[in-house]
Amino acid sequence: MSTASILPSSAEWSMVSLAERDPFSTYDELRRRGKVVWDPGMDSWLVLSYDICRAIETDEATYRILPVDAPAVTFEIKGDLARTGVSSLVGEEHARMRRFYLKLLSPAHMPAYRVGHVLPAVNHLIDLFAGKGSAELASQLAFEVPNRVMGSLFGLPWKDDALMADVSQWHKDIVASLGVKYANDELNRKALRASAELNRLFVPLILERKDRRGNDLISELWTRAEAEYGEVGVDHLVGIVRELVIGAGETTANAIANAIYLFLSDPGLHDAVTRDQEGTLNAFVEEVLRLFGSVQWRFRKANRDVTLAGVEIKKDDIICLLHAAANRDPEHFACPHMADLKRTPPTDHLAFNVGPRICLGMHLARLLIRETLKALIARLPNLRLDPAKEPPTFRAFSHRSYGPLHVVF
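Residues numbered from 1 in each chain as written. Predicted model: local features only at pLDDT ≥ 70, side-chain atom pairs only at ≥ 80, totals over all residues. Heavy atoms only, no water.

Peer 1: Sorry, what's going on with the nonpolar core here?
Peer 2: Nonpolar side chains in soluble globular proteins tend to be buried together. Membership of the largest hydrophobic core comes to 114 residues, with the highest contact counts inside it found for Met-15, Leu-137, Phe-154, Phe-202, Ile-260 and Phe-284. Those residues in contact with Ile-260 that sit more than four places away from it in its chain are Leu-137, Leu-141, Ala-142, Thr-372, Leu-373, Leu-376 and Leu-405. Membership of the second largest hydrophobic core comes to 19 residues, among which are Val-47, Tyr-63, Leu-308 and Val-311. (Core = buried A, V, L, I, M, F, W, Y, C linked by side-chain atoms within 4.5 Å. Buried < 20%, exposed > 50% of the residue type's maximum accessible area, 1.4 Å probe, protein only. Contact = heavy atoms within 4.5 Å.)

Peer 1: Is there a simple way to think about the packing of helix H11 (residues 234-248) against helix H12 (residues 250-265) in this case?
Peer 2: A pair of packed helices is captured by two measures, namely the crossing angle of their axes and the spacing between those axes. Viewed as axis vectors pointing N to C, H11 and H12 meet at an angle of 15°, and their least axial separation amounts to 3 Å. Taken as axis vectors, H11 and H12 run roughly parallel relative to one another. Judged by residue contacts, Ile-246, Gly-247 and Ala-248 of H11 engage Glu-250, Thr-251 and Thr-252 from H12. Residue classes in the contact of H11 with H12 are distributed as two nonpolar, three polar and one charged. (Axes fitted to C-alpha atoms, helices over the stretch in contact; angles between N-to-C directions. Helix = DSSP H or I, 4+ residues; strand = E, 2+ residues; numbered from the N terminus. Parallel < 35°, antiparallel > 145°, perpendicular 65-115°, else oblique. Nonpolar A, V, L, I, M, F, W, Y, C, P; charged D, E, K, R; others polar.)

Peer 1: Would you mind going over the packing of aromatic side chains with me for this structure?
Peer 2: Remark: the centre distance and the inter-plane angle together describe each pair of aromatic rings, the angle taken between the planes. Evaluated as defined, the whole model comprises 13 aromatic pairs. Both rings, one in Phe-24 and one in Tyr-27, keep their centres 6.2 Å apart while their planes meet at 80°; by these two values the pair is edge-to-face. Of this pair, Phe-24 and Tyr-27 both sit in helix H1 (residues 24-30), three residues apart, roughly one helical turn. The same class applies to Phe-24 and to Tyr-27, which are both buried. Ring centres 3.7 Å apart and planes at 5° place the aromatic pair Tyr-261 and Tyr-402 in the stacked group. (Phe/Tyr/Trp six-rings, centres within 6.5 Å; stacked < 30°, edge-to-face > 60°.)

Peer 1: Explain the sheet that holds strand S1 (residues 36-39) to me, please; I cannot follow it from the model alone.
Peer 2: Working definition: the strands of a sheet are paired by backbone hydrogen bonds and lie parallel or antiparallel to each other. The strand order across the open sheet built from five strands is S1-S2-S8-S5-S3, with neighbouring strands paired in mixed fashion. The open sheet has two free edges, formed respectively by S1 and strand S3 (63-64), since each of these has just one partner strand. In this structure, S3 lies alongside strand S5 (residues 298-302), joined through two bridges in antiparallel fashion. What sits directly across from Arg-64, in S5, is Lys-301. Where helix H2 (residues 50-57) meets the sheet, it contacts S1, strand S2 (44-47), S3, S5 and strand S8 (318-321), and its direction lies at approximately 125° from that of S8. (Pairing = 2+ DSSP bridges.)

Peer 1: Would you mind going over the side chain of Thr-84 with me for this structure?
Peer 2: Summarising the element assignment, Thr-84 is placed in the loop between helix H3 (72-78) and helix H4 (91-104). For Thr-84, the contacting residues outside a window of four places in its chain are Leu-89, Met-97, His-236 and Ile-240.

Peer 1: Before we go on, may I ask you to explain the sheet that holds strand S9 (residues 384-385) in this structure?
Peer 2: Strands sit in the order S4-S12-S9 across an open sheet of three strands; the sheet is antiparallel. Across the chains shown, the open sheet's two edge strands, defined by having one partner strand only, are strand S4 (134-136) and S9. Where S9 and strand S12 (residues 406-408) come together, two bridges link them in antiparallel fashion. Directly across from Leu-385, in S12, lies its bridge partner Val-407.

Peer 1: Quick question: what am I supposed to make of the pattern of salt bridges here?
Peer 2: It is possible for side chains of opposite charge to pair when their charged atoms get near one another. Evaluation of the coordinates by the stated rule reveals 24 salt bridges. Arg-379 is the partner of Asp-127 in a salt bridge, and the nearest nitrogen-oxygen pair spans 2.6 Å. Separated by 252 residues along the polypeptide, Asp-127 in helix H5 (residues 110-127) and Arg-379 in helix H16 (residues 362-379) bring together distant segments of the chain. A salt bridge links Asp-161 to Arg-148; its shortest N-O distance comes to 2.9 Å. Of this pair, Asp-161 sits in helix H8 (residues 161-178) while Arg-148 is found in helix H7 (residues 145-154), placing the two residues 13 residues apart along the sequence. The partly exposed category is assigned to Asp-161, whose relative accessible area is 41%. Accessibility expressed as a relative area gives 2% for Arg-148, which makes it buried. (Salt bridge = Lys/Arg side-chain N within 4 Å of Asp/Glu carboxyl O.)

And the structure:
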């Protein structure tokens, strides 16, 4: 029997069967089994409840992150051999590195990033297809914007199409391994090759900027790290740079694609956002993040035996915080499957985590989504999905987005 034919009501059912398939109706069926459900294919407890997900993410004394006891291959794949990336640290070390990251990615930096890096990258990419009358906006725009922006911030030749395509593929290979807890040997091998390529790209640049500072983010990392975090070496900077790049890459690319899809597929939302590219657009971005996310789930481990929604969780059991389901929890959200531009508060979702692990790049991610949509509205006012081409579907597994996004204008 194929996994796709097993019903969610069965104890043998696994979320693995939802790869490349729209999962949301299945999550609604799965809720009938409870708020916390064992998944044999994922070897973890799925949490579908918004409130329980939020409680777990804000309680690091009871629930630890997987990197705490992860095998060495995890850090090799992440490029964080010094184990200084904020996602790998705990306790005071985590808090100290988090404060360091926040100074680099605070809202105060966004206006300068917008003018110096985001707008040039977005407009350059639109220039490449604006005169052709059609495009595929997932591959030609959404999945290009974050890599080009981060390339610009780090002082890479971000207009080099071949290099940026390689960087994008390397990150896809790493994310595929991450999404299954680094448990697939073949995915790990691909991810390790990708990690080695990324190190070959970034290590020479990091070494150069150690002694010759410029106006790029790597130079700023060296300067700020030494002044505010303490003594750091090349391995520390590699881990930080690699984490920033992947954090702003695949996840934000998916979010941009989802925003474009919803904007073009719902006439009411399209008109509302076009009329008001401030408050309404901001609310639209939050609903895109709530409805579709990008990262579909995150993992934790129980530090002791606990009970969740009547389910006994044993010490060291893996818990999958299924944000894609929790962000549509009918016990928390009215009309959970609808985009509501008046939902209050608009940021009441789990797309960026909550608590001490909330995404430090969320301000940059929101900026990239907003500015990509604003540029499309300004430059391609007749933009629409191409009815003659393959319609978009909700693709992939752990990191999802709608595509292909064939458009005409």
